[in-house]
Amino acid sequence: MYFSKTLAVLAMTAALGTGAAVAQVNVMLPANPGGGWDSLGRQAFQAMNDAGIYTGGVNFTNTGGAGGTVGLAEFLGTASGQPDSLAVFGAITVGAIALNNSPINLAEFRPVARMTAEYLVIAVAADSPYNTLADLVAGIKADPGAAALGGGSAGGVDHISLALLAQAGDIPVADLNYIPQTSGAETVTAIVNGTLVAGVSGTSEFAQFAEQGRIKLLAVTSAERRPNLPDVPTFKEAGYDVEIANWRGILAAPGAPDDNYAMWVDNFTKLSQSDAWKAVLEAQGWEDYFLPGGEFGAFIAEETERQGQILKDAGLVN
Amino acid sequence: MGTFELLLQGFGVALQPTNLMWALVGSVLGTAIGILPGIGPALTIALLLPVTTALAPTSAFIMFAGILYGAMYGGSTTSILLNTPGEAGSMMTALEGNKMARAGRGAAALATAAIGSFVAGTIATLCLTFAAPAVAELAFYFKPTDYFAITALAFCSVAVVMGTSRTRGFISLFLGIAIGVIGIDTMTGQARLTFGNMQLLRGIALTVVLVSLFAVGEILYVASRYRSTPGVMAPIKGQLWMTRQDFARSWKPWLRGTAIGFPMGALPGSGSEIPTMLSYTLERKLTRYPEEFGKGAIEGVAGPEAANNAAAAGILVPLLTLGLPTSATAAVLLAAFQNYGLQPGPFLFTSNPALIWGLIASLYVGNVMLLVLNLPLVGIWVQLLRIPRPQLYAGILVFAMIGVWGLAGSWVDLTIMLVVGLAGYVMRVYDFPIAPVLIGLILGPMAETQLRTALAAGQGNPMVLVSTPLSAILITLAVLLLALPIFLKRLRAHA
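### Focus on the overall build of chain B
Moving on, step 1. In terms of regular secondary structure, chain B is built from 20 helices and 2 strands.
Moving on, step 2. By the compact-globule yardstick of 23 Å for 495 residues, chain B fits well, its C-alpha radius of gyration being 22 Å.
Moving on, step 3. On the principal axes, the C-alpha backbone points of chain B span a range of 70 × 60 × 55 Å.
Moving on, step 4. Across the 495 residues of chain B, 58% fall into the buried class.
Moving on, step 5. Within chain B, residue pairs in contact and separated by at least 24 positions form 79% of the contacts whose partners lie at least 6 positions apart.

### Quick word on the overall build of chain A
Moving on, step 1. When helices and strands are counted, chain A shows 11 helices and 10 strands.
Moving on, step 2. Split into buried and exposed, the 318 residues of chain A put 49% on the buried side.
Moving on, step 3. Across chain A, the fraction of contacts at a sequence separation of at least 24, relative to all contacts at a separation of at least 6, is 77%.

### Here we look at unusual backbone geometry
Moving on, step 1. Of note, A:Asp170 is a non-glycine position whose phi angle comes to about 60°, a positive value.
Moving on, step 2. Relative to the assigned elements, A:Asp170 resides in the loop between α6 (157-168) and β6 (177-180).
Moving on, step 3. Positive phi, normally seen in glycine, also occurs at B:Leu193, with a value near 50°.
Moving on, step 4. On the secondary structure map, B:Leu193 appears in the loop between β2 (191-192) and α8 (206-224).
Moving on, step 5. B:Leu193 gets classed as partly exposed once you count the C-beta atoms within 10 Å, which come to 13.

### Considering the nonpolar core
Moving on, step 1. If you look at the biggest cluster of nonpolar residues, it comprises 260 residues, and the most contacted ones within it are B:Ile45, B:Phe64, B:Leu210, B:Val211 and B:Leu438.
Moving on, step 2. With 19 residues, helix α5 (residues 91-138) of chain B is the largest single contributor of residues to this core.

### Quick word on the environment of A:Ser85
Residue and element names in this part refer to chain A.
Moving on, step 1. Assignment of secondary structure puts serine 85 in strand β3 (residues 85-90).
Moving on, step 2. Sequence-wise, serine 85 and alanine 47 are 38 residues apart; in three dimensions their C-alpha atoms are separated by 18 Å.
Moving on, step 3. If near-sequence neighbours (up to four positions away) are discounted, serine 85 is found in contact with Asn26, Ala79, Ala252, Ala253 and Ala256.

### Things to note about the packing of helix α4 (residues 57-82) of chain B against α5(B)
Residues and elements named next belong to chain B.
Moving on, step 1. Put simply, α4 and α5 touch, their axes get as near as 8 Å, and they point 170° apart. By the angle class used here, α4 and α5 are roughly antiparallel. Seen from above, α4 lies across α5 with right-handed handedness. Contact residues: Tyr69, Met72, Tyr73, Ser76, Thr77, Ser79, Ile80 and Leu81 in α4; Thr93, Ala94, Gly97, Asn98, Ala101, Gly106, Ala109, Leu110, Ala113, Ala114, Ser117 and Gly121 in α5.
Moving on, step 2. Its residues placed into classes, the contact of α4 with α5 shows 11 nonpolar, 9 polar and no charged.

### Some thoughts on the packing of helix α6 (residues 144-161) of chain B against helix α19 (residues 435-457) of chain B
Residues and elements named next belong to chain B.
Moving on, step 1. One way to put it is that α6 packs onto α19 with a least axis distance of 8 Å and a crossing angle of 150°. The orientation of α6 relative to α19 falls into the category roughly antiparallel. Handedness of the crossing formed by α6 with α19: left-handed. Residues Pro144, Thr145, Tyr147, Phe148, Thr151, Ala152, Ala154, Phe155, Val158 and Ala159 of α6 form the contact with α19, whose participating residues are Ala435, Pro436, Ile439, Leu443, Met446, Ala447, Gln450, Leu451, Thr453, Ala454 and Ala457.
Moving on, step 2. Residues that form the contact of α6 with α19 fall into these classes: 17 nonpolar, 4 polar and no charged.

### What to know about the pairing of strand β1 (residues 25-29) of chain A
All names here are of chain A.
Moving on, step 1. Across the 5 residues of β1, 4 count as buried, placing the element largely inside the fold.
Moving on, step 2. In the sheet, β1 pairs with β3 via 3 bridges, with the strands oriented parallel. Across the sheet, residue asparagine 26 finds its bridge partner in β3, namely serine 85.

### What to know about the domain arrangement of chain A
Residues and elements named next belong to chain A.
Moving on, step 1. Structurally, chain A comprises domain 1 (2-116 + 247-313) and domain 2 (118-220).
Moving on, step 2. The interface of domain 1 with domain 2 comprises 13 residues on the first partner and 12 residues on the second.
Moving on, step 3. Mapped by element, the contributors of at least two residues to the side of domain 1 that touches domain 2 are α4 (91-99) and α11 (293-313).
Moving on, step 4. Take the side of domain 1 that touches domain 2: its biggest share by element is 6 residues, from α4.

### Side note on helix α18 (residues 411-429) of chain B
All names here are of chain B.
Moving on, step 1. Taking 1.5 Å per residue as the helical rise, α18 with its 19 residues ought to reach 27 Å, and the 27 Å between its terminal C-alpha atoms agrees with that figure.
Moving on, step 2. The set of residues buried in α18 consists of Asp413, Ile416, Met417, Val420, Gly421, Gly424, Tyr425 and Met427. End-on view of α18: buried residues confined to an arc of 170°, all on one side of the axis. Opposite the buried face of α18, by more than 90 degrees, sit the exposed residues Trp411, Thr415, Leu418 and Val419.
Moving on, step 3. Looking one or two residues beyond α18, the residue adopting positive phi is aspartate 431, at roughly 70°.

### What about the environment of A:Leu162?
All names here are of chain A.
Moving on, step 1. Looking at where leucine 162 falls in the secondary structure, it is placed in helix α6.
Moving on, step 2. Owing to 26 C-beta atoms within 10 Å, leucine 162 belongs among the buried residues under this scheme.
Moving on, step 3. Separated by 110 residues in sequence, leucine 162 and serine 272 have C-alpha atoms that sit 31 Å apart.
Moving on, step 4. If sequence neighbours within four positions are ignored, leucine 162 has contacts with Leu149, Gly151, Leu176, Tyr178 and Val200.

### Things to note about the environment of B:Leu255
Residues and elements named next belong to chain B.
Moving on, step 1. Inspection of the secondary structure puts leucine 255 in helix α9 (residues 244-266).
Moving on, step 2. Overall, the presence of 18 C-beta atoms within 10 Å leaves leucine 255 in the partly exposed class.
Moving on, step 3. Sequence-wise, leucine 255 and leucine 348 are 93 residues apart; in three dimensions their C-alpha atoms are separated by 31 Å.

### Describing the confidence of the model for chain B
Residue and element names in this part refer to chain B.
Moving on, step 1. Across chain B, the average pLDDT comes to 84, with 94% of residues at 70 or higher.
Moving on, step 2. No element of chain B has a lower mean pLDDT than helix α14 (residues 346-351), at 76, and none a higher one than helix α7 (residues 166-181), at 92.
Moving on, step 3. Both scores are available for the predicted complex, with the pTM at 0.78 and the ipTM at 0.72.

The rules behind the values
- Residues numbered from 1 in each chain as written.
- Chains lettered and ligands numbered in written order.
- Predicted model: local features only at pLDDT ≥ 70, side-chain atom pairs only at ≥ 80, totals over all residues.
- Helix = DSSP H or I, 4+ residues; strand = E, 2+ residues; numbered from the N terminus.
- Rg over C-alpha atoms; globule rule 2.2 N^0.38 Å.
- Buried ≥ 20, exposed ≤ 12 C-beta atoms within 10 Å, placed from the backbone.
- Contact = placed C-beta atoms within 7 Å.
- Core = buried A, V, L, I, M, F, W, Y, C linked by C-beta atoms within 7 Å.
- Axes fitted to C-alpha atoms, helices over the stretch in contact; angles between N-to-C directions.
- Parallel < 35°, antiparallel > 145°, perpendicular 65-115°, else oblique.
- Left-handed = near helix turned anticlockwise from the far one by under 90°.
- Nonpolar A, V, L, I, M, F, W, Y, C, P; charged D, E, K, R; others polar.
- Pairing = 2+ DSSP bridges.
- Domains from an automatic or database assignment.
- Expected span 1.5 Å × (residues − 1).
- Arc of directions from axis to C-beta.
- pLDDT = per-residue confidence, 0-100.

The following block contains the structure:
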């Protein structure tokens, strides 16, 4: 049994090795297999293949850790100046770079396309005294220390959305008692058992627990109400001018040749219009958030500025 | 939906031909590694992790469950015939089982072990089926302070109970906690103990440490004490079935073993050794044939063998429901879940019922398979013990290295493997227990996160740590566990 297993490993390694030799595009997935970035990369190329936009070989590398900064650092080292070298990243990377003092500068990479987004919801326990976002903000304002708030990792989009909410509600961001949770599921548990007064996570993670009646959804961070959550008001409707999404996109290597870079921007633009991609969005529950090349670059610069300022206000970076 | 319907759906998953095949693969592999001394279920599953990423999670876990149960079956065979436990949980079986084999009653010993394992495995799986959903609901009531108290108690109990001295136990434990701290701190994003190495930002994978300690450390140890004369194998003699009297003397120990094993398995740190020891002691006290103990009493085989299988089901309760590993094997299973991006806990019951209930149903199926594999086919399994040791151990080392390389293709991992493996060898030579390292490594980050969450939510007031009834009780127990022996010693010295 052991022997056949080893043979399988060897065969897999051999297949990977030969795959690398004929692959035409190298894609860095700066996360472990199974997460959102991993599936974005793999699904995008699968859909591109199905739609006949790009049918060549693809060589994926998974290097997880630290909000994508570990993988991007490796990508920077191996792919700079190379054609056909792409990397997946997202909103979390922006905060992680500032937070970890990472030497990575997103402006060095060539922006290919912003592809998907997931909006965030803020929730309280079903038996919480707070029924609207305004109630909750008033409660936090009265005693910020006693109102433990939670969501994903410190400096991530969940944290930043709460910081923006605090700013909009005239609460000093540094006073927030933010407790990072390891997953959306953990956040729900902590809300239900009373550890957290309120929590933030992606809409898909919270919706099922709201249906079970364990939590109440107070507001969503999108510009308009979500079709699957028609009863949940937006932050703007509730009186707080906050709009934020957990977006994900594609970068090309720094110094990638111009014609090759233009080809990939074109490929992803075609992909975003294809039926194959629409099917993927549907199946994964992702929002279409497409933005091509240069405009995406401007967006990244904006996000870097905005998130950097918030993290400073929150006292997380100097 | 009731537990019963969910279980039926689970059987629908477990009885699919591919899943049946993986259950069989797991059972065969589990029995094999159970029989071979030096390889346990934890190491086997860890080595298979990189390979199984190509499998669907349900199939992979059905196979792992087969390995877990199978090892408990197989371990007894080696104990009985060779007087060397194939598995830590079969230590007690060797005491009476080998005597029985030498007295020509080996077949009866093997039969009571296999049937006892089956009875205990089935009853314990039933308990798991009905206890798990209820325990899972507890996750919504347990607060961070409760979790911290559970981990604190687990730390104290493993450090005190395992190993030859508490100093050694605590050194092992803190070594594990220190390894667990390496990498990015999830709460603040700060790097800890990485010495500027980018690869260490991810932390050290549990699988790497586990394979290093068990494969490299353990095998260096076994090899360093290798003598070329193999142990004497007792031939299988006697009827291949139990007599009426054997049955009459076995069924009560089976049930008692199950009653001890299942809850003990669910407690952190007790593993499969402690329930088997307890069961053996209990049977020795209760037996009507005390003169036979030490000379081959069937009760001494039946009880512990039932206990170790029940414990194997017991460890799945906190693992599946709360994501809380209580033994090295459970820890590897947790790592396997995380490899698939799954977090065991109450959410897995709602988000992935096919996996959970398929896994539970496969335990019933696996038990039947294992009974068939082990009872009539035991003669074939014994042949495994004829594999020459040098080739076997060298082979395991090679697989271990391929396995670690396969995880991430990282040289840093291989370096860590070498360092930790040598450390594991030194620990074995100087009698430091290995299990506390793993418990520290697994539960350390959890204890830290829960402690910090509890303190942050309580705005820094330390009294929050004993603010719930459960946490107050558990912390008191932990303190007692530490202080009582010292106190008693003092008292005795003064008297």
